[in-house]
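# Coordinates in review
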Amino acid sequence: MIKPIVAGNWKMNGVSQSVTEINTLKANITENDQSNNCEILICPPATLITAFAHILSNSPIEIGGQTCHHAEKGAHTGDISAEMIKDCGAKYVITGHSERRMDHGEMDRDIALKTEAGWRAGLKVILCVGELLGERKADLTLKVIERQLKNSIPDGATAENLIIAYEPVWAIGTGLTPTTEDIAKVHDFIRKFLIENISAEEGKKIRILYGGSVKPANAKELMAVSNVNGALVGGASLKAEDFTGIIAAYQ
Ligand code: PEP
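All of the points below concern the structure found in this document. (Residues numbered from 1 in each chain as written. Predicted model: local features only at pLDDT ≥ 70, side-chain atom pairs only at ≥ 80, totals over all residues. Heavy atoms only, no water.)

Every regular strand shows the same layout, with side chains that alternate between the two sheet faces. Both faces of strand 8 (residues 230-233) are covered, namely the face carrying G230 and L232 and the face carrying A231 and V233. Bridge count between strand 1 (residues 5-9) and strand 8: four bridges; the pairing is parallel. Residue pairing in the sheet places I5 in a bridge with G230 of strand 8. Note that strand 7 (residues 207-211) and strand 8 share two bridges and pair parallel. Directly across from G211, in strand 8, lies its bridge partner L232. Handedness of the β-α-β unit built from strand 7, helix 10 (residues 216-223) and strand 8 comes out right-handed. (Buried < 20%, exposed > 50% of the residue type's maximum accessible area, 1.4 Å probe, protein only. Helix = DSSP H or I, 4+ residues; strand = E, 2+ residues; numbered from the N terminus. Pairing = 2+ DSSP bridges. Right-handed = clockwise from strand over helix to strand, strands pointing away.)

Here it is as structure tokens:
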């Protein structure tokens, strides 16, 4: 049995006062004992990792970073290494988010290096893939996903150190989602790729998350799709009540 994971990506949102949301989330999760059926993760901006990790130290909610530099340390002004993220109390790091690809020109090769860096530091990596709207319209979705997976998953991937997040770029923050049939098609394709290119043993256990406009209202339907093993949530993870509503899909 694969234990699903519901991960929240806060992006560039949150200041010290945002601890109130995390306190509410912690209270909700503890009250309802919602951590039994799925793992729960929050990826705040780097400035809040330490504070959130402190608050959540005696809760089942884990903390992750949103990206990392590929080097351990050095002359890289403004960058943060995977080791630093781990040192702040994180257990996970996201790589390959489409906003990093677009805002910072990150390519599959960079994402492979960052993923390796996460593993070097002992972090689990959530590696994001997903097609642009034009690519979907041109019927290139599976080709794009295959290229991203092929070029950005380093050797050594296991179900313990890697999670894939399928995030159609056109569904992120837009309120649009693919049909459940379309999501199943991509997730089944990713599952087959992992089994054929990593190993049957690991490939069938690696979690594949869906991300893109997941909300409390659609979470149950989306999480029930074939080979969907959880969600990567942007906007709806910022409010504890919304995020709790998504986690409830696994009750
Ligand atoms: C994301 O950016 O990872 C994401 C899925 O965003 P949203 O849930 O806001 O669409």
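Here the narrative resumes.
Turning our eyes to something else, we now look at the state of the cysteines. In the structure shown here, the tally under the stated rule is zero disulfides. Here C43 is not disulfide-linked; the sulfur of C128 is the nearest cysteine sulfur, at 9.2 Å. Exposure remark for C43: the relative accessible area of 0% places this residue in the buried category. Cysteine C88 remains unbridged, with the sulfur of C68 as its closest cysteine sulfur at 13 Å. Using a relative accessible area of 25% as the deciding quantity, one classes C88 as partly exposed. (Disulfide = S-S within 2.5 Å.)

Reading around the circumference, 1-2-3-4-5-6-7-8 is the order of the eight strands in this closed barrel, with parallel pairing throughout. Each strand of the sheet is rotated relative to its neighbour by a mean of 25 degrees, with strand direction disregarded. Sheet analysis places strand 5 (residues 124-129) next to strand 6 (residues 162-166), joined by five bridges and oriented parallel. Across the sheet, residue V125 finds its bridge partner in strand 6, namely L162. Relative to the sheet, helix 7 (residues 141-152) contacts strand 5 and strand 6, its axis offset from that of strand 5 by approximately 150 degrees. (Axes fitted to C-alpha atoms, helices over the stretch in contact; angles between N-to-C directions. Contact = heavy atoms within 4.5 Å.)

With respect to the element layout, R191 can be found in helix 8 (residues 180-197). Nearest to the buried, unbridged R191 among oppositely charged side chains is D188, at 7.0 Å. Engagement of the side chain of R191 in a polar contact is seen with the side chain of N227, the distance being 2.9 Å. (Lys, Arg positive; Asp, Glu negative; His and termini not counted. Salt bridge = Lys/Arg side-chain N within 4 Å of Asp/Glu carboxyl O. Polar contact = N/O pair within 3.5 Å; in protein donor to acceptor, adjacent residues only side chain to side chain.)

The subject of this paragraph is the nonpolar core. In this structure, L25, I42, I153, I164 and I190 are the most contacted members of the largest nonpolar core, which totals 63 residues. The biggest single contributor to this core is helix 8, with six residues. Not counting residues up to four positions away in its chain, the partners in contact with L25 are I42, I61, A240, F243, T244 and I247. Of all hydrophobic cores here, the second largest spans 12 residues; its members include I126, I163, A165 and L232. (Core = buried A, V, L, I, M, F, W, Y, C linked by side-chain atoms within 4.5 Å.)

Positive phi, normally seen in glycine, also occurs at S213, with a value near 60 degrees. In this structure, S213 sits in the loop between strand 7 and helix 10. The exposure class of S213 is buried, given its relative accessible area of 9%. You will see that N227, though not glycine, has its phi angle at about 60 degrees, which is positive. As for its placement among the helices and strands, N227 is situated in the loop between helix 10 and strand 8. A relative accessible area of 25% means that N227 is categorised as partly exposed.

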